[in-house]
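Secondary and tertiary structure notes
Residues per chain, in single letters:
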Amino acid sequence: MATIYFSSPIMSKNLKLEAIAGQRKTLLGIAKENGIKIPHECEDGQCGSCLVKVVHLDGERIKGVALTDKERNVLKSIGKLPPNEDKRANVHDIPPTYRLACQTIITDEDLLVEFTGEPGGA
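Just so it is clear, the model here is predicted, and its values are computed rather than measured.

Counting secondary structure elements, the protein contains three helices and five strands. Along the protein, helices (α) and strands (β) appear in the sequence β-β-α-β-α-α-β-β when read from the amino end. Here the C-alpha atoms of the protein give a radius of gyration of 13 Å, agreeing with the 14 Å that 2.2 N^0.38 yields for 122 residues. Seen along its three principal axes, the alpha-carbon backbone of the protein occupies a region of about 35 × 30 × 20 Å. Put simply, the protein has 122 residues, and 42% of those count as buried. Long-range contacts, defined as pairs at least 24 residues apart, comprise 71% of the intrachain contacts of the protein with a sequence gap of at least 6. Considering the protein, the positive charge centre built from 16 side chains and the negative charge centre built from 17 side chains are found 0 Å apart.

Below, the structure written as structure tokens:
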């Protein structure tokens, strides 16, 4: 079970959701199911409009999640994947701070997901 907190200036208040890990749902999918309006366009990891900041709330217990090549390329192209985080993600599967909501699969860890409400803004 994962607890996900969504936070954005376009929301009247932060929202706490419980998600079942292992269902292979993305952050964007969970958000859409619950009426959270994370901007998105392609939903395929190519445009970067669903950029979010993800804070892992379980301390050192961060789950290893490999970046897709598409997500890595988009994050690099928009300047949201610094070399140290790229190396950490590539070598140790430790996810970077910024992710694409359409590519981020929910695991069994607690997360804070922040977004501005502007496409590509986090």
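Next up on the list: the nonpolar core. With 29 residues, the main nonpolar core has Phe6, Leu27, Ile36, Ile38 and Val52 as its most contacted residues. Examining the composition of this core, we find that four residues originate from one element, helix α1 (residues 27–33), more than from any other.

Another point: unusual backbone geometry. Even without a glycine there, the phi angle at glutamate 43 is positive, about 55 degrees. Relative to the helices and strands, glutamate 43 is located in the loop between α1 and β3 (51–56). According to the relative accessible area criterion, glutamate 43 is partly exposed, its value standing at 40%. Positive phi is not limited to glycine here, since aspartate 93 has a value of about 55 degrees. Tracing the backbone through its elements, the reader meets aspartate 93 in the loop between α3 (83–92) and β4 (98–100).

As a further point, take the sheet that holds β4. The mixed open sheet is built from five strands, whose spatial order is β2-β1-β5-β3-β4. One side of each edge strand has no neighbouring strand; the edge strands of this open sheet are β2 (15–19) and β4. Ignoring which end each strand starts from, the neighbouring axes of this sheet average 35 degrees apart. Contacts from helix α2 (residues 69–77) reach β3 and β4, with the element oriented near 130 degrees to β4.

Scanning all chains against the criterion turns up zero aromatic pairs. Across the ring face of tyrosine 98, the terminal group of lysine 80 is positioned such that the distance to the ring centre comes to 4.4 Å.

Moving on, we get to the pattern of salt bridges. For the coordinates displayed, the defined rule picks out six salt bridges. Note that glutamate 71 and arginine 99 form a salt bridge whose closest N and O atoms lie 2.8 Å from each other. Highlighted residues: glutamate 71 in helix α2 and arginine 99 in strand β4, separated in sequence by 28 residues. Each of the salt bridges in this network shares a partner with another, and the network as a whole consists of Arg72, Lys76 and Asp86.

About the thresholds
- Residues numbered from 1 in each chain as written.
- Predicted model: local features only at pLDDT ≥ 70, side-chain atom pairs only at ≥ 80, totals over all residues.
- Heavy atoms only, no water.
- Helix = DSSP H or I, 4+ residues; strand = E, 2+ residues; numbered from the N terminus.
- Rg over C-alpha atoms; globule rule 2.2 N^0.38 Å.
- Buried < 20%, exposed > 50% of the residue type's maximum accessible area, 1.4 Å probe, protein only.
- Contact = heavy atoms within 4.5 Å.
- Lys, Arg positive; Asp, Glu negative; His and termini not counted.
- Charge placed at Lys NZ, Arg CZ, Asp CG, Glu CD.
- Core = buried A, V, L, I, M, F, W, Y, C linked by side-chain atoms within 4.5 Å.
- Pairing = 2+ DSSP bridges.
- Axes fitted to C-alpha atoms, helices over the stretch in contact; angles between N-to-C directions.
- Phe/Tyr/Trp six-rings, centres within 6.5 Å; stacked < 30°, edge-to-face > 60°.
- Lys NZ or Arg CZ within 6 Å of the ring centre and 35° of its normal.
- Salt bridge = Lys/Arg side-chain N within 4 Å of Asp/Glu carboxyl O.

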